[in-house]
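Observations on the model geometry
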Amino acid sequence: MTKLPYAELHAFADGDRPFTGNPAGVCLLERWPDNRMLLGIALSNNLSETAFLVPKAGEADTWELRWFTPTVEVDLCGHATFASGAWLFGQDAVAGGEAKFDTRSGRLTVRRDGELFAMDLPKVGFEPGVSNPLIEEALGGGVPDAVFDVKRIHGADYKLIVYPDEGVIAHLKPDHGALAIANTNTIVTAPGDRTDFVSRFFAPASGVPEDPVTGSAHCTLAPYWAQRLGKSRLTARQIGPRPGALDVGPYGERVTLIGRAQPYLDGHLTLP
């Protein structure tokens, strides 16, 4: 039997409120097994993403990092990267000022920011898009203010759909079957009542009907709202069935996400 260090953290938790934020699994490996084992662990965990870490030989505070949903490996996952960094700091595994990760999306970092953590991710651009009536009908939010196409991430096509106010986002009751037929991941967003903006994220093309607090989605949301509101740091909430909160700031081609990572489970996986 093999035991692997494993933890679950709730990334971008809403203050000290329990059961908020986006659950992420973090599994520490000595070396990479075949993909069937990684996918099997992620499927058994049944979280939106499980992060797998392997220490990088000869480089202090550096790990190779991969992310798996229950069905696929993805190119970028913010909340599981955030959880990985927070867990490593909690294990006193980071000797310097930041945890560094080599990934499919390049070098990513997580550092302490007072009692919080700050993560550096690449900006994910957007451009004016074409309305998709199938998606908009499945969302049930009426006619949006704007629709954008998002650069491919997670190996899937994305839409960014903007609505007029927070109430529309909060009351969406999407038809997940119809969204799965459309097979397009969708970020929905609007101005917030008490924050700069709110959002939700539906990812049927990545095997996740609705993701609670999506780091990678904020790589698009941050530059969009910074441009629209003329601000360099913004407050954000993702307000689906499991809410969460974070601050974001775009800086050139990068985005900083700042928030809490609440430890939930710490132990080992036992494999044959």
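Here goes a summary of the coordinates provided. Treat the numbers as computed from the prediction; the structure is a model and nothing was measured.

1. Topic: the overall build of the protein
- A count of helices and strands for the protein gives six helices and 18 strands.
- Taking 272 residues into account, the globule formula puts the C-alpha radius of gyration at 19 Å, and the protein, at 18 Å, falls close to it.
- Overall, the protein is about 55 × 40 × 30 Å in size when its C-alpha atoms are taken along their principal axes.
- The 272 residues of the protein split such that 56% are buried.
- If you take every contact in the protein between residues at least 6 apart in sequence, the share linking residues at least 24 apart comes to 64%.
- Accessible area of the protein: about 11700 Å², with a carbon and sulfur share of 51%.
- Looking at charge distribution, the protein has the averaged site of its 25 positive side-chain charges lying 2 Å from that of its 33 negative ones.

2. Looking at helix α2 (residues 78-90)
- The end-to-end C-alpha distance of α2 is 18 Å, a good match for the 18 Å that 13 residues give at a rise of 1.5 Å each.
- Among the residues of α2, those classed as buried are G78, H79, A80, T81, F82, A83, S84, G85, A86, W87, L88 and F89.
- Phi turns positive, to about 55 degrees, at D92, one or two residues after α2.

3. Details of the nonpolar core
- The biggest cluster of nonpolar side chains holds 55 residues, and the ones touching the most others in it are L9, F12, W67, L88, F101 and L257.
- When sequence neighbours within four positions are dropped, the list of residues in contact with F12 reads G21, H79, F82, M119, V213, G215, G244, A245, L246, L257, G259 and R260.
- Core analysis: the next-biggest nonpolar cluster, separate from the first, contains 17 residues, V147, I161, V168 and L172 among them.

4. Description of the packing of aromatic side chains
- Inspection of every chain in the model, using the stated rule, returns 11 aromatic pairs.
- Judged by centre distance (5.9 Å) and plane angle (40 degrees), the ring pair of F89 and F117 falls under tilted. Taken together, the residues span a long stretch of sequence, with F89 in helix α2 and F117 in strand β8 (residues 116-122) at a distance of 28 residues.
- Classification of F117 by relative accessible area gives buried; the value is 9%.

5. Details of the pattern of salt bridges
- Within the structure shown, the criterion is met by 18 salt bridges.
- For the salt bridge of R107 with E59, the shortest nitrogen-to-oxygen distance reads 3.4 Å. Here E59 lies in the loop between β3 (50-55) and β4 (62-68) and R107 lies in strand β7 (residues 106-113), a separation of 48 residues in the sequence.
- The partly exposed category is assigned to R107, whose relative accessible area is 36%.

So, how was this worked out
- Residues numbered from 1 in each chain as written.
- Predicted model: local features only at pLDDT ≥ 70, side-chain atom pairs only at ≥ 80, totals over all residues.
- Heavy atoms only, no water.
- Helix = DSSP H or I, 4+ residues; strand = E, 2+ residues; numbered from the N terminus.
- Rg over C-alpha atoms; globule rule 2.2 N^0.38 Å.
- Buried < 20%, exposed > 50% of the residue type's maximum accessible area, 1.4 Å probe, protein only.
- Contact = heavy atoms within 4.5 Å.
- Areas by Shrake-Rupley, 256 points an atom, 1.4 Å probe, with all protein chains shown as cover.
- Lys, Arg positive; Asp, Glu negative; His and termini not counted.
- Charge placed at Lys NZ, Arg CZ, Asp CG, Glu CD.
- Expected span 1.5 Å × (residues − 1).
- Core = buried A, V, L, I, M, F, W, Y, C linked by side-chain atoms within 4.5 Å.
- Phe/Tyr/Trp six-rings, centres within 6.5 Å; stacked < 30°, edge-to-face > 60°.
- Salt bridge = Lys/Arg side-chain N within 4 Å of Asp/Glu carboxyl O.

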